[in-house]
Amino acid sequence: MPARKPEVVVVTGATSGVGRAVARLFAAEGWRVGLLARHDDGLEATAQELREAGAAVMAVSTDVADADAVEEAARQVEEVLGPIDVWINNAMTTVFSFAVDIEPDEFRRATEVTYLGTVWGTQTALRRMLARNQGTIIQVGSALAYRGIPLQSAYCGAKHAMIGYTDSVRSELLHSGSNVHIGMVQLSAVNTPQFSHCRSRFDRHPQPVPPIYTPELAAKSVHLAVTQRRREVYLGFPAYKTIIGNKIAPGIVDRYLGAFGVDGQLSELPPDPANAEGNLFEPIPGDRGAEGIFGDRTRGSSPLLWASRHRRPLLTLGATLLGAIGSVVSRRVLPTDN
């Protein structure tokens, strides 16, 4: 039997930031979209927005830190929308703080949502996809999955763990010859409401480290990972610079971040009132949408992402040009018969 055309995508953390932008993009392409989040206001607003655009939507209030709740949400999505073809693990929360000041319950909660939420989503998706021998799972990661930075030890630790877990699962899928694909997207800084609704212990509003990209561009990175079944996609030059630079000279990166990494993440703006408690344990009322407050500083394009999307024709073109150059050079250098 031929593989069924992908039609159903599930997005966790779907009500704001990157998750909201991803849901919009897939809905615009005609996919049926399962929305998972614990934020009822945001779920209702997101579902209404997508339905008004003509999409079929199933929204399920879900705390991804609860494995049973994730399993039940998947059951409800499939009951209404059909078999899940793509699962995108995007939900996260964190604490902006020096590590020594983070309480045990805060570390635990950030890890349960950001890391274990990814594990529970993947396990739930695998139980369905393996039986059908098809499907795609994408983890929304970060350059910080490779390089920890100050003030974000809870988040960085969880993102690092995602890589180890994902690599293990990928190896197991290859061992069994499964057609199920698992990949990651490593983001640079993105202008999302995360910086206004995550818990912070500072009297200055947290900010993404420039250059900052739009949530829509992050969504395109996720879409690329899904449609081309990529092992890994990086968004923007900062992700490449951070990941590769840390592999080459981690000690230099340590010192640079020690000198500039703290102030670089704190703006001159006063904190959002929501920063005091954040959404660590309870959702923040209202609809936060996809965009954060730094829209005047964002970039909506990335030449490297464009090149990644078109890498096959670019490689073909490059090989053709090299061949042509080689042919010209050989004619000028090699002796010919007279």
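Data block above holds the structure.
Residues numbered from 1 in each chain as written. Predicted model: local features only at pLDDT ≥ 70, side-chain atom pairs only at ≥ 80, totals over all residues. Heavy atoms only, no water.

1. Remarks on the sheet that holds strand β6 (residues 136-142)
One open sheet holds the seven strands; their spatial order is β3-β2-β1-β4-β6-β7-β10, and the pairing between them is parallel. Bordering the open sheet on either side are β3 (57-61) and β10 (232-234), each of which pairs with just one other strand. Across the sheet, the mean angle separating the axes of adjacent strands is 15° when strand polarity is ignored. Across five bridges, strand β2 (residues 32-37) lies against β3 in parallel orientation. Looking across to β3, one finds that Val33 is bridged to Val57. Sheet contacts for helix α5 (residues 153-176): β6 and β7 (181-187); angle to β7, the most-contacted strand, approximately 155°. (Pairing = 2+ DSSP bridges. Helix = DSSP H or I, 4+ residues; strand = E, 2+ residues; numbered from the N terminus. Axes fitted to C-alpha atoms, helices over the stretch in contact; angles between N-to-C directions. Contact = heavy atoms within 4.5 Å.)

2. Considering unusual backbone geometry
Note that the residue after Pro210, namely Pro211, is joined by a cis bond; omega there is 0°. The phi torsion at Asn133 lies on the positive side, around 55°, for a residue other than glycine. By the secondary structure assignment, Asn133 is in the loop between α4 (104-132) and β6. On the accessibility criterion, Asn133 (39% relative accessible area) is partly exposed. At Arg229, a residue that is not glycine, the phi angle is positive and equals roughly 45°. Along the chain, the position of Arg229 falls in the loop between α7 (215-227) and β10. Judged by its relative accessible area of 36%, Arg229 falls in the partly exposed class. (Buried < 20%, exposed > 50% of the residue type's maximum accessible area, 1.4 Å probe, protein only.)

3. Digging into the packing of helix α1 (residues 17-28) against helix α2 (residues 40-52)
Where α1 meets α2, the axes come as close as 10 Å, and the angle between the chain directions of the two elements is 25°. By the angle between their directions, the pair α1 and α2 is classed as roughly parallel. At the point where α1 passes α2, the crossing takes the right-handed sense. Counting all contacts with α1, which are made through Arg20, Ala23, Arg24 and Ala27, the residues of α2 involved are Gly42, Ala45, Thr46, Glu49 and Leu50. (Parallel < 35°, antiparallel > 145°, perpendicular 65-115°, else oblique. Left-handed = near helix turned anticlockwise from the far one by under 90°.)

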